[in-house]
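The primary structure of each chain is shown beneath.
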Amino acid sequence: MAELRSRRSNLAVPGSNPRFLEKAKGLGADQVFLDLEDACAPLAKPGARKNIVAALNEGGWGEKIRTVRVNDWTTEWTFQDVIEVVGGAGANLDCIMLPKVADAGQVQALDMLLTQIEKANGLEVGRIGIEAQIETAQGLINVNQIAFASPRIETIIFGPADFMASINMKSLVVGALHPDYAGDPFHYILMQILMAARARGVQAIDGPFLQVRDVGAFREVAKRSAVLGFDGKWVLHPGQVDAANEIYSPSQEDYDHAELILDAYDWATSEAGGKKGSAMLGDEMIDEASRKMALVIAGKGRAAGMQRTSTFTPPES
Ligand code: GLV
Ligand code: MG
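Right, let's walk through the structure included here. Starting from 1, residues in each chain are numbered consecutively following that chain's sequence as written. Whichever chain is written first is A, and whichever ligand is written first is 1; the rest continue in order. In keeping with the model being predicted, local features are shown solely for residues with a pLDDT of at least 70 and side-chain atom pairs are shown and tallied solely at 80 or more, while totals for entire chains, interfaces and linings include all residues. The side-chain figures draw on all heavy atoms in the structure; neither hydrogens nor water molecules are used.

**A look at the site of ligand 1**
Whether a residue is near a molecule or strand depends on its heavy atoms: it is near if one of them lies within 4 Å of it. For ligand 1, the full set of nearby residues is Arg69, Gln133, Glu135, Gly159, Pro160, Ala161, Asp162, Pro208 and Trp234. At 2.9 Å from an oxygen atom of ligand 1 is found a side-chain nitrogen or oxygen belonging to Gln133. Measuring from an oxygen atom of ligand 1, one finds a backbone N or O atom of Pro160 at 3.1 Å. Compared with its free state, where it exposes 190 Å², ligand 1 has 94% of that area covered by protein. In protein, a polar contact requires one atom able to donate a hydrogen and another able to accept it; more generally it is a pair of N or O atoms within 3.5 Å, and residues adjacent in sequence count only if both atoms are side-chain atoms. Shrake-Rupley sampling with a 1.4 Å probe provides the accessible areas, and residues are treated as covered by the protein chains on show and by no other component.

Encoded structure:
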């Protein structure tokens, strides 16, 4: 996990709005996705393809991961979205996001189309990744095959709004606590997505929270997937960016502690440290499993550019 790029905040930007495309470049999101799907009216889609190509080729995105969300394969738009965007700006684009993925075949179809466009345009074959959105019951029952459908898969993303519609959920407030249900109504779905993503070794991303003015509620909902191990969440508004970056990073204390465990365990297992398989770090017993847990936290912290604020000193012998 250590070398994964940070995707704590993934900013949604409608491709039909050049002003929003420009503004997104200056925001502190780890990733942007330029949308041709549900944030673009059907009549605006052809113009949005052109705006997106222009915005990508113009540059100015810094270190952000640049993704374009195309329309799903049941529409008449997908192939043209991909041909126009990747043909026009393939060198300046990192991933294609495929919404409403129903099965592995839909991922493979996109993979083949990408390969042809890359060849036709002299681009490196296989560089452009695929982000798969799970937002229907059908997608969820096939999520394991979807995760393994192509080497291009980089993330599995939960799409709560479409998902709630797909399963007839009795709420309109996406992600909010329902007054009739004390738990997290999405726990099962989030866990299935997380298992598929981790088994495949890719990132798990939580979807949007639509009450964009209520950052407090955004934080509560984000914490539910962050605590499970999700890598990030969509942000729909500049006000949600900082909250996502914070919630999907380890705390400074946890990050420092993880680095300390790695150093302490390294030392304990060394010749000088007595070749011990388990050791005490303060009041805590650490062993190989502690090292694995610490690697996850340290990996997330390093990917987010965190700096440690303490160092390890081997105990006097
Ligand atoms: C995102 O696409 C969602 O449907 O929640
Ligand atoms: Mg959706």
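**Digging into the side chain of Glu131**
Position of Glu131 relative to the elements: it lies in strand 5 (residues 129–134). Within the structure, Glu131 has its side chain in polar contact with the side chain of Gln31 (distance 2.6 Å). Not counting chain neighbours up to four residues away, the residues in contact with Glu131 comprise Arg7, Gln31, Thr67, Cys95, Ile96, Met97, Leu98, Thr155 and Ile157. Here a helix means four or more residues in a row that DSSP labels H or I, a strand means two or more in a row labelled E, and each is numbered from the N terminus. Throughout, a contact is declared for two residues whenever any of their heavy atoms are within 4.5 Å.

**Description of helix 9 (residues 215–228)**
Expected span, for any helix, means 1.5 Å times one less than how many residues it has. Its 14 residues place the ends of helix 9 20 Å apart at the C-alpha level, agreeing with the 20 Å of an ideal helix rising 1.5 Å per residue. Bend at a given residue is defined as the angle between two axes, one fitted to the seven residues that end at that position and one fitted to the seven that begin there. Taken as a whole, helix 9 carries its principal kink of about 25° at Ala222. Burial here depends on accessible area, computed with a 1.4 Å probe over protein chains only, as a share of the maximum for the residue type. Under 20% is buried, over 50% is exposed, and the range in between is partly exposed. Buried residues of helix 9: Phe218, Val221, Ala222, Arg224, Ser225 and Ala226, and no others. Contacts made by the buried residues of helix 9 are with helix 8 (187–200), strand 7 (203–206), strand 8 (232–235) and helix 10 (238–247). Where helix 9 ends, the next residue or the one after it, Gly229, has phi of about 125°, a positive value.

**Overview of the coordination of the magnesium ion (ligand 2)**
Donor atoms: N, O and S within 2.8 Å of the metal, or within 3.2 Å for Na, K and Ca. Because water is excluded, sites can look incomplete. Surrounding the magnesium ion (ligand 2) are the protein donor atoms Glu135 (OE) and Asp162 (OD), which sit 2.0 to 2.2 Å from the metal. In this pair, Glu135 is assigned in the loop between strand 5 and helix 5 (137–141) and Asp162 in helix 7 (residues 160–166), connecting sequence segments 27 residues apart. Judged by its relative accessible area of 24%, Asp162 is partly exposed.

**Some remarks on the pattern of salt bridges**
For salt bridges, the criterion is a side-chain nitrogen of Lys or Arg within 4 Å of an Asp or Glu carboxyl oxygen. Applying the stated criterion across every chain, the model contains 27 salt bridges. Asp111 is paired through a salt bridge with Arg152; the nearest N and O atoms lie 3.2 Å apart. Within this pair, whereas Asp111 is found in helix 4 (residues 104–120), its partner Arg152 is found in the loop between helix 6 (143–147) and strand 6 (153–158), the two being separated by 41 residues in sequence. In terms of burial, Asp111 and Arg152 fall into one category: buried. Asp231 serves as the salt-bridge partner of Arg198, at 3.0 Å between the closest nitrogen and oxygen. Highlighted residues: Arg198 in helix 8 and Asp231 in the loop between helix 9 and strand 8, separated in sequence by 33 residues. Exposure remark for Asp231: the relative accessible area of 8% places this residue in the buried category. One network of salt bridges, in which partners are shared, links Asp35, Glu37, Asp38, Arg69, Lys100 and Asp162.

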